[in-house]
Amino acid sequence: MKALLIVDLQKDFLPGGALPVPEGDRIIKPINKIMDQFDLVIASKDWHPPKSRHFEKWPRHCIMETPGAEFPEELDSDKIKKTFLKGTGKKDDGYSAFDATNANLHKYLKKKKIEYLYIAGLATEVCVKSTAEEANRKGFDTTVISTATAGINQKPDDEGKALHEMFRSGIRIIDTHV
Ligand code: VGL
């Protein structure tokens, strides 16, 4: 069984949001187009309390139950079976979707008999990378869909470097032609 995990595709990470990924909005259409190719589509959300040590490193973003933490309207979010909420503590936590606190992602994937995990979403060099590396370590056959992710690129080519490092750790990198 194969699942698509959409990482942190939330308004605050899109242009105009609190911590924008410059081209974050270009991944929405490709994600909508590929969703039907998977047995299961799930998502993670950054879901921070108003005060967290995480905001010593980053601008405040994705505060739980605020509009910035929502999926963009353009995303076919009705196809998402379950959303895993992470970064819910007060420390600098929740980079990997496996850190979700509302449910155990690892157990959930095992229960659903998922062997192949495809990862899309934001941001490539931060939460996508952290999630993909943990999935790979946990033994899932892990693929990152490069055209369905986008990077913050605080330093030029942070995204390219991250894709390269993921590839070197055994994660498959593919693109979609949709
Ligand atoms: C993320 C920076 C800070 C992400 C989360 O979802 O990639 N990036 N918090």
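Residues numbered from 1 in each chain as written. Predicted model: local features only at pLDDT ≥ 70, side-chain atom pairs only at ≥ 80, totals over all residues. Heavy atoms only, no water.

A. The site of the ligand, seen in detail. Near the ligand, the surroundings consist of Asp8, Phe13, Leu19, Asp46, His54, Trp58, His61, Leu122, Ala123, Val126 and Cys127. Leu122 has a polar backbone atom sitting 3.4 Å from an oxygen atom of the ligand. Isolated, the ligand exposes 260 Å² of accessible area, and the fraction of that covered by the protein chains is 100%. Here the ligand occupies the largest cavity. Its residues assigned to classes, the shell around the ligand shows seven nonpolar, two polar and two charged. (Near = heavy atom within 4 Å. Polar contact = N/O pair within 3.5 Å; in protein donor to acceptor, adjacent residues only side chain to side chain. Areas by Shrake-Rupley, 256 points an atom, 1.4 Å probe, with all protein chains shown as cover. 1 Å grid on protein atoms, 1.4 Å probe; cavity = no way out; pocket = protein on both sides within 12 Å on 5 of 7 lines; lining within 4 Å. Sits in = over half its atoms within 2 Å of the grid points. Nonpolar A, V, L, I, M, F, W, Y, C, P; charged D, E, K, R; others polar.)

B. The pattern of salt bridges, seen in detail. Scanning the entire structure with this criterion turns up twelve salt bridges. Among the ionic pairs, Glu73 bridges to Lys11, the shortest N-O distance being 2.9 Å. In this pair, Glu73 is assigned in the loop between strand 2 (40–46) and strand 3 (82–86) and Lys11 in the loop between strand 1 (2–7) and helix 1 (28–34), connecting sequence segments 62 residues apart. Note on Lys11: relative accessible area 24%, which makes it partly exposed. Linking Asp141 and Arg172 is a salt bridge whose minimum nitrogen-to-oxygen distance equals 2.9 Å. On the criterion of sequence distance, the pair formed by Asp141 in strand 5 (residues 141–150) and Arg172 in strand 6 (residues 172–174) is long-range, its members being 31 residues apart. Its relative accessible area of 26% is what places Asp141 among the partly exposed residues. It is possible to trace a salt-bridge network through shared partners that takes in Asp8, Asp46 and Lys86. (Salt bridge = Lys/Arg side-chain N within 4 Å of Asp/Glu carboxyl O. Helix = DSSP H or I, 4+ residues; strand = E, 2+ residues; numbered from the N terminus. Buried < 20%, exposed > 50% of the residue type's maximum accessible area, 1.4 Å probe, protein only.)

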